[in-house]
Amino acid sequence: GNQGAKKRLDQNAKRMRSLRIAFIIGLLAQLSARGLALARGNSTPGWLWVGTALSMAISWFTLSSIAAFAAPTWGKDGELLDGGADLSMGGMCGYYHDILYISVFVQVTSLLSTWFWMFYLLIPAYGLYKLFVLVIIPYFQKPASSEEGQMSEAMRKKLEKTEKRAERRRQKRF
């Protein structure tokens, strides 16, 4: 009960600390690069500023979402009721982790080459993959119930005709 909640609270606190450090590394890398470029008088393309802002927003959103998963529940008397969700679980929490890792990776490596921004395309590509595998392909592989009903009706009529013929042949023999 309560011992498990305390253990989960400690695990989540450690994980959140690591994720915040990663977030800060990405943030500082981008802000220092943009600040250095401004200080040197180098012109930075507008898309890079937009990309940096979007990247920061994505990182902040995913970190905040993970923090919401990790949030403990306290009783009215201050007793720990729940240590928060298991952050190693799959589902949305796992996707948020992946997106945060991709964001930090892009924020740091894009300082070496702007081509690293292309790694952000992994997120919608994975989303499309999941859409096809879980929704679109099963939809087209599943026979439609209305078509199935029509086919069974046609098969039923064909069977009736075959049975009538067979019955007529039996009657002719006797």
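Preceding this paragraph is the structure being described.
Now for a quick tour of the structure. (Residues numbered from 1 in each chain as written. Predicted model: local features only at pLDDT ≥ 70, side-chain atom pairs only at ≥ 80, totals over all residues. Heavy atoms only, no water.)

**Comments concerning the overall build of the chain**
Logical step 1: Of regular secondary structure, the chain possesses five helices and two strands.
Logical step 2: The order of α-helices and β-strands along the chain, N terminus first, is α-α-β-β-α-α-α.
Logical step 3: The C-alpha extent of the chain, read off along each of the three principal axes, is 105 × 55 × 20 Å.
Logical step 4: Within the chain, buried positions represent 24% of all 174 residues.
Logical step 5: Relative to all contacts within the chain whose residues are 6 or more apart in sequence, the contacts with residues 24 or more apart total 65%.
Logical step 6: As displayed, the chain offers around 12,500 Å² of accessible surface, 65% of which is attributable to carbon and sulfur atoms.
Logical step 7: Taken as two groups, the 23 positive and 12 negative side-chain charges of the chain have centres that lie 8 Å from each other. (Helix = DSSP H or I, 4+ residues; strand = E, 2+ residues; numbered from the N terminus. Buried < 20%, exposed > 50% of the residue type's maximum accessible area, 1.4 Å probe, protein only. Contact = heavy atoms within 4.5 Å. Areas by Shrake-Rupley, 256 points an atom, 1.4 Å probe, with all protein chains shown as cover. Lys, Arg positive; Asp, Glu negative; His and termini not counted. Charge placed at Lys NZ, Arg CZ, Asp CG, Glu CD.)

**Some remarks on helix α2 (residues 46-70)**
One turn of an α-helix holds 3.6 residues; hence residues three or four places apart share an orientation.
Logical step 1: Along its 25 residues, α2 runs 36 Å from first to last C-alpha, staying within 8% of the 36 Å computed at 1.5 Å per residue.
Logical step 2: Looking at the buried residues of α2, the elements they touch are α1 (2-40) and α3 (91-109). (Expected span 1.5 Å × (residues − 1).)

**Quick notes on the layout of surface pockets**
Logical step 1: Roughly 160 Å³ of volume is contained in the largest pocket.
Logical step 2: Surrounding the largest pocket, Met92, Tyr95, Tyr96, Asp98, Ile99, Ile102, Leu122, Ile123, Tyr126 and Gly127 form its lining.
Logical step 3: Contributing elements (two or more residues each) for the lining of the largest pocket: α3 and α4 (122-141).
Logical step 4: Here the lining of the largest pocket gets six residues from one element, more than from any other, and that element is α3.
Logical step 5: Along the lines of polarity and charge, the residues of the lining of the largest pocket split into eight nonpolar, one polar and one charged. (1 Å grid on protein atoms, 1.4 Å probe; cavity = no way out; pocket = protein on both sides within 12 Å on 5 of 7 lines; lining within 4 Å. Points joined across faces, edges and corners; volume = space filled by probe spheres on them. Nonpolar A, V, L, I, M, F, W, Y, C, P; charged D, E, K, R; others polar.)

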